[in-house]
Amino acid sequence: MNWIKDRNWFKKIGFKIKKIIKKQPKDSEETDWKNCPKCQKITYKPDLFKNSYICECSFHFDLPPKLRLDSLFDSSYEIIEAPVNINPDPLNFEVKGGAREEYRYIDKIKKYRKTTGMQTALMCGWGNISNLSAGVVCFSPKFGAGRFGPAECEHFLKAANFAIQKKVDVWIVIYQSSGIDVHTGVAGLTGMTKSIIAMNEIKKAGIITFAIAGSPGPVAGGTYASSFFQHDFVIIESKDVENMLFSGKRVTSNILKGTDQIPEDFGTASGIMKSSGLADITLENRKELKGTITNLANILLNKGELEAKNDVEEAYEDQKDFKKTASTAS
Ligand SMILES: [Zn+2]
């Protein structure tokens, strides 16, 4: 009965059971029905699609990046492809020997690429939104929980350069990101600095910028601590958005132990709006997004035009005054 004492044997059996469970179809991915985690109602997917993936109870399901771009842009738009030859796994990260699960990280990336049809966790597009030209970046939480690694960073920079070259009116990033990809170490961390520099360049070009906290979230870790708050406007897509925070509730509460209590609404849409004021608007639902962005951008663009017009008129008045003074003096 040595096998009973063999802990590895139990571990192997555990992995096999886990694999079998993983292979079972999850409620919604392989069927035409989606189960709402908030009200428990089961809804027919085509009906959800017509309602921007929002349940009757207002719960926002994840809206795939392609559908997000389709809903934001007017008609046709151009996809900004990921740069080629960017190594998403510079450390050849591998977990082996005594770990709970052994894996090569590159195999996980291949799986993300296969399931999402994307090369990185970002989908980037360029086109028109109402009367505005726009560059849009959208994270996919289905690609490694919206990882931001070296490949995502290069994709982000390519989209930013494109937006600057095309002199777009608005730059929009829809975040659903768990943060910097820990599997890529320092190479991943440099993405924080690079994305902040990219945001500064976009702003220097006079482009109006919008960060959208996509529902159901998260916006966390290094993504939360870098480019997210560099935008002119921070908009939360719905009241259901959670996990807008640098570190999770458990880690944060451990740090605060004995000195403070973590608020109930920590990292939620209401918490962010009420206690920190870090965000500007929480929308009723994501169907308001396009109109809100268009209205805000138009106000700012028209203000710029008005100011330019006023400057010309003032210069003209100054010139008249100068001529008057000059003739009196002579
Ligand atoms: Zn519901």
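Here the structure is a predicted model, which is why all the values come from computation and not from measurement.

To continue, consider the overall build of the chain. Scanning the chain for helices and strands turns up 11 helices and 15 strands. For the chain, the residues scored as buried account for 34% of the 330 residues in total. Taking the contacts inside the chain whose residues are at least 6 apart along the sequence as the reference set, 70% of them involve residues at least 24 apart.

Here the focus is the pairing of strand β13 (residues 233–236). As defined by bridge partners, strand β11 (residues 208–213) adjoins β13 across four bridges and the pair is classed as parallel. Within β13, the residue paired with Ala213 across the bridge is Ile236. Two elements, β13 and strand β15 (residues 281–282), share two bridges in a ladder whose sense is parallel. Bridged to Ile235 within β15 is Ile281.

An order of β3-β6-β7-β9-β11-β13-β15 is seen for the seven strands of this open sheet, with the pairing classed as mixed. In the strand order of this sheet, the two ends are held by β3 (77–80) and β15, each with one partner. In this structure, strand β9 (residues 170–175) lies alongside β11, joined through six bridges in parallel fashion. Residue pairing across strands places Val170 opposite Ile208, the latter belonging to β11.

Of all hydrophobic cores here, the largest spans 54 residues; its most connected members are Val170, Ile172, Tyr175 and Ile212. When residues in this core are grouped by element, the largest group, six residues, is from β9. Tyr53, Ile54, Phe61 and Leu63 belong to the second largest nonpolar core, which has five residues in total.

Glancing now at the pairing of β9. In terms of burial, β9 is a largely internal element, six of the six residues being buried. In β9, alternate side chains face the same way, and those of Val170, Ile172 and Ile174 on one face and Trp171, Val173 and Tyr175 on the other are all buried. Note that strand β7 (residues 132–139) and β9 share five bridges and pair parallel. From the neighbouring strand, Val136 faces β9, where its bridge partner is Ile172.

On to the confidence of the model for the chain, then. With 81% of its residues at a pLDDT of at least 70, the chain reaches an overall mean of 86. Confidence scores differ between elements of the chain, with helix α2 (residues 7–23) showing the lowest mean pLDDT of 53 and β9 the highest of 98. Residue range residues 23–28 is modelled with pLDDT below 50. Its contacts to residues more than four positions away, or to other chains, number five contacts.

Now for unusual backbone geometry. Across the junction of Ser215 and Pro216, the peptide omega takes the value 10°, indicating a cis bond. Looking at where Pro216 falls in the secondary structure, it is placed in the loop between β11 and β12 (219–220). With an omega of 5°, the peptide bond between Gly217 and Pro218 qualifies as cis. In this fold, Pro218 is placed in the loop between β11 and β12. The backbone phi angle of Tyr53 is positive, close to 60°, even though this residue is not glycine. A positive phi angle is found at Ala145, which is not glycine, with a value near 60°. Along the polypeptide, Ala145 turns up in the loop between β7 and β8 (147–148).

All of the buried residues in helix α4 (residues 65–72) are Pro65, Arg68, Leu69 and Leu72. Down the axis of α4, the sector holding all buried residues measures 95°, keeping them to one side.

Between helix α6 (residues 150–165) and helix α7 (residues 185–204), the least distance of the axes is 9 Å, while the angle of their chain directions is 10°. Here α7 runs roughly parallel to α6, going by the angle between their axes. Here Pro150, Glu152, Cys153, Phe156, Leu157, Ala160, Ala163 and Ile164 of α6 lie close against α7, whose contacting residues are Ala187, Gly188, Gly191, Lys194, Ser195, Ala198, Glu201 and Ile202. Considering only residue class, the contact of α6 with α7 consists of 10 nonpolar, three polar and three charged.

Procedures and definitions
Residues numbered from 1 in each chain as written. Predicted model: local features only at pLDDT ≥ 70, side-chain atom pairs only at ≥ 80, totals over all residues. Helix = DSSP H or I, 4+ residues; strand = E, 2+ residues; numbered from the N terminus. Buried ≥ 20, exposed ≤ 12 C-beta atoms within 10 Å, placed from the backbone. Contact = placed C-beta atoms within 7 Å. Pairing = 2+ DSSP bridges. Core = buried A, V, L, I, M, F, W, Y, C linked by C-beta atoms within 7 Å. pLDDT = per-residue confidence, 0-100. Arc of directions from axis to C-beta. Axes fitted to C-alpha atoms, helices over the stretch in contact; angles between N-to-C directions. Parallel < 35°, antiparallel > 145°, perpendicular 65-115°, else oblique. Nonpolar A, V, L, I, M, F, W, Y, C, P; charged D, E, K, R; others polar.

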